[in-house]
Amino acid sequence: MDAVEAIRHRRAVRAFTDTPVTTATLRSLIELAVEAPSAINWQPWVFVVARKRETLWQIAEAAKTYLLSRMEPGSPFVRFRDTLENPAFDILYHAPALIVICATAPEQQAADDCALAAQNLMLAPHTQDLGTCCIGLARPWLNQPDGRALLRIPASCTPVPPIVLGQPAEAPFSLGRGPPDIRWVDAPD
């Protein structure tokens, strides 16, 4: 599979088998993630990996509870209230692995560089018939003292994109993409 095919066909996976992802596979995918562009070759990232089912369940439950306890009218999370209140809903989609990319500095560029690494970390597994999903709903709790402690995230680091990873239980579907909104500064050719 070439890069263009991976970009066009990778989609978020929200149903995973319980097949574990090996340490070697995780290490090789993270090695591909760090090939991402980084301003002035800063590489301001740390990769925190969780694989124990008990730990993943703890994260999922705590993240749901945190969001529900702080949901205010007008919050973008309100539309997820019913889903989050469902005891059967696993915010991590029963994935066998979670990788949290953490910025090692407070500057926006560090978060931007982590996002670039996240793109690699989501494309590379697709080429190996693995699936990923960025779990933005987990991020607020992961940035709290309890979340940071559970994952042993250093005080100097900020969780940016939490990504679950594993063998898809079913083929993901595509909602398609709309045309890009392009604002030309100069007339196009």
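Predicted model only: the values in this text are computed from it and were never measured.

**Observations concerning the nonpolar core**
Item 1. The biggest cluster of nonpolar side chains holds 30 residues, and the ones touching the most others in it are Ile91, Leu92, Leu98, Ile135, Leu151 and Val164.
Item 2. Secondary structure elements with two or more residues in this core: strand 1 (45-50), helix 3 (53-69), strand 2 (97-103) and helix 6 (139-142).
Item 3. Ranked by residue count, the leading element in this core is helix 3, at six residues.
Item 4. Look past the residues within four positions of Leu151 in its chain and what remains in contact with it is Val48, Ala50, Ile59, Val100 and Leu142.
Item 5. One finds Ala33, Ala36, Trp45 and Ile163 within the second-largest nonpolar core, a separate group that totals 24 residues.

**Topic: the pairing of strand 4 (residues 158-166)**
Item 1. For strand 4, the tally of buried residues reaches eight of nine residues, placing the bulk of the element in the interior.
Item 2. The pairing of strand 3 (residues 131-134) with strand 4 spans four bridges and is antiparallel. Along strand 4, the bridge assignment pairs Gly131 with Gly166.

**A look at the packing of aromatic side chains**
Item 1. A full pass over the atoms with the stated rule returns two aromatic pairs.
Item 2. Ring centres of Trp45 and Phe47 lie 6.5 Å apart, and the angle between their planes is 55°; this geometry places the pair in the tilted category. Comparing Trp45 with Phe47, the two get one shared label, buried.
Item 3. Ring geometry for Phe89 and Tyr93: centres 5.8 Å apart, planes at 80°, overall edge-to-face.
Item 4. On the basis of relative accessible area, Phe89 is assigned to the buried category, the value being 15%.
Item 5. Taking the relative accessible area as the measure of exposure, Tyr93 reaches 18% and is therefore buried.

**Some words on the side chain of Lys64**
Item 1. You can see Lys64 is positioned in helix 3.
Item 2. Residue Lys64 is classed as buried on the basis of its relative accessible area, which comes to 4%.
Item 3. In this structure the side chain of Lys64 is engaged in a polar contact, spanning 2.7 Å, whose partner is the backbone oxygen of Phe89.

Calculation rules
Residues numbered from 1 in each chain as written. Predicted model: local features only at pLDDT ≥ 70, side-chain atom pairs only at ≥ 80, totals over all residues. Heavy atoms only, no water. Core = buried A, V, L, I, M, F, W, Y, C linked by side-chain atoms within 4.5 Å. Buried < 20%, exposed > 50% of the residue type's maximum accessible area, 1.4 Å probe, protein only. Helix = DSSP H or I, 4+ residues; strand = E, 2+ residues; numbered from the N terminus. Contact = heavy atoms within 4.5 Å. Pairing = 2+ DSSP bridges. Phe/Tyr/Trp six-rings, centres within 6.5 Å; stacked < 30°, edge-to-face > 60°. Polar contact = N/O pair within 3.5 Å; in protein donor to acceptor, adjacent residues only side chain to side chain.

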